[in-house]
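Survey of secondary and tertiary structure
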Amino acid sequence: MSRAKVISIFNQKGGVGKTTTCMNLTAALSIDGYRVLTVDIDPQGNTTSGFGIEKNDLDKSIYDALINGQDLREVILTTGFDRLNLLPSNIDLAGSEIELAHMSQRETRLRKVLDPILEYYDYIFIDCPPSLGLLTINALTASDSVLIPIQCEYYALEGVGQLISTISLVKKGLNPKIEIEGVLMTMYDSRTNLAVQVVGEVKSYFKEKVYRTKIPRNIRLAEAPSFGETIFENAPNSKGAIAYAELAKEFIGREHVK
Ligand code: ADP
Ligand code: MG
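Let me begin by describing the structure that accompanies this report. Please read these numbers as outputs of a predicted model, since none were measured by experiment.

**Some remarks on the site of ligand 1**
Ligand 1 sits among 18 residues. The nearest are Gly17, Lys18, Thr19, Thr20 and Ala222. Listing elements by their share of the shell around ligand 1, those giving two or more residues are helix H1 (18-31) and helix H9 (219-223). The dominant element in the shell around ligand 1, judged by the number of residues it contributes, is H1, at 3 residues. Across the shell around ligand 1, the residue classes break down as 7 nonpolar, 9 polar and 2 charged.

**Concerning unusual backbone geometry**
If a residue is not glycine, its phi is most likely negative; likewise, a peptide bond is most likely trans. Even without glycine at this site, Arg83 takes up a positive phi of about 70 degrees. Its location among the elements puts Arg83 in the loop between strand E3 (77-78) and strand E4 (84-87). The partly exposed category is assigned to Arg83, around which 18 C-beta atoms lie within 10 Å. The backbone phi angle of Gln105 is positive, close to 45 degrees, even though this residue is not glycine. One can find Gln105 in the loop between helix H4 (96-101) and helix H5 (109-114).

**What to know about the environment of Glu181**
Following the sequence through the fold, Glu181 ends up in strand E7 (residues 179-186). Between the alpha carbons of Glu181 and Ala224 there is a distance of 26 Å; along the sequence they are 43 residues apart. Sequence-distant contacts of Glu181, that is, excluding residues within four places in its chain, are made with Ile7, Ser145, Val146 and Leu147.

Rules behind the numbers
- Residues numbered from 1 in each chain as written.
- Chains lettered and ligands numbered in written order.
- Predicted model: local features only at pLDDT ≥ 70, side-chain atom pairs only at ≥ 80, totals over all residues.
- Near = placed C-beta within 6 Å.
- Helix = DSSP H or I, 4+ residues; strand = E, 2+ residues; numbered from the N terminus.
- Nonpolar A, V, L, I, M, F, W, Y, C, P; charged D, E, K, R; others polar.
- Buried ≥ 20, exposed ≤ 12 C-beta atoms within 10 Å, placed from the backbone.
- Contact = placed C-beta atoms within 7 Å.

What follows is the structure, encoded as structure tokens:
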């Protein structure tokens, strides 16, 4: 029986493209025939609304699973894509950092929640919040690997030290198997020297972990969520769609090398 590989999309910086990557990479993988679950563990619920779900009208959310042990079958939703499901989130989750702090096994609750459904998917991607709190620790503890989006901007590597030490901390204690899946350059503009220079810096730090595929700055990627759509529904011929489809291929290619 195969079990899903679980991947956290993590960078404690906000606005680097975690949610955009989570939505569009999971959609691309489902189009390619893989069974995928997107887990939204950010109280902002941007992945949830990005898939066209009215997050404030949710009957049940990840909060109920994480805090109240709700059966996931009553929480997971279908999406507009075959083979792609969503574990949704909303603002209910905002107080959970504090609730979790008082609970037993507070760092491993997500791992326990996901365990019974691993057999139904090939990949589970977790869209992390922009913080290093208990929700992020739960995501990292439940994951086999971490995909790190980095925005092509000044100070791109700022905060990376902290990011790496958080992963190391989890690896030393709660989850020895965790590794870096890959590093994705986002909002790339090949016309600027800055972008080229930033990619160089990131490559000298993360070496071959950096994906060949870079996600261009593309207005269609920014607009699609306001229609409750991924790029493949909203602008399937855009540069953004082509890039995320390529990333899915590169991601799978690396899987086969291992
Ligand atoms: P995070 O989840 O890390 O906070 P988001 O994916 O929400 O980041 O991206 C931050 C903002 O930038 C959003 O408004 C998003 O639509 C926009 N954005 C993300 N990636 C791109 C891109 N490649 N090109 C243009 N805009 C982008
Ligand atoms: Mg986000």
